[in-house]
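A look at the structure
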Amino acid sequence: MEHSKLFYNVCNDLWAFAKTLDKSKSEMNDEDWEKAIAEMERLTEKYKTLGDKEYELASKLLLEILNYIEKG
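Basis of the calculations
Residues numbered from 1 in each chain as written. Predicted model: local features only at pLDDT ≥ 70, side-chain atom pairs only at ≥ 80, totals over all residues. Heavy atoms only, no water. Core = buried A, V, L, I, M, F, W, Y, C linked by side-chain atoms within 4.5 Å. Buried < 20%, exposed > 50% of the residue type's maximum accessible area, 1.4 Å probe, protein only. Helix = DSSP H or I, 4+ residues; strand = E, 2+ residues; numbered from the N terminus. Contact = heavy atoms within 4.5 Å. Salt bridge = Lys/Arg side-chain N within 4 Å of Asp/Glu carboxyl O.

Judged by nonpolar contacts, the single largest core of 15 residues is most densely connected at Phe-17, Leu-21, Leu-62 and Leu-66. Of all the secondary structure elements, the ones that give two or more residues to this core are helix H1 (3-20), helix H2 (30-48) and helix H3 (52-70). At five residues, the largest contribution of residues to this core is made by H2. Among all residues touching Leu-21, those that are not within four sequence positions of it are Met-28, Ala-36, Ile-65, Leu-66 and Ile-69.

Structure below.
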């Protein structure tokens with residue numbers, strides 16, 4: 001996949017993922033975290049089919065969104 005298309009797709013998925021996380025750390029319960037992690041895993045599997053580098057890129061970026069929320 002060409003880089004521009006990959007980056008566009010990853011950004012769209014990041015945006016869609018981030019929009020579902022509309023609570024702060026203090027408002028999120030265990031179920032919210034479980035849903036977020038399940039969605040992150042679903043999205044990363046999509047990129048795993050494209051290759052290891054693509055999987056790593058998507059995984060790291062999605063994880064950073066969760067880390068940002070966790071740090072409050």
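Let us now look at the pattern of salt bridges. For the structure on display, the rule yields five salt bridges. Between Glu-56 and Lys-60 there is a salt bridge, with its nearest N and O atoms 2.8 Å apart. Placement of the pair is Glu-56 and Lys-60 together in helix H3, with a separation of four residues, close to one helical turn. Under the relative-accessibility criterion, Glu-56 is labelled partly exposed at 42%.

In short, the description is geometric, and any link to function would need to be established separately.
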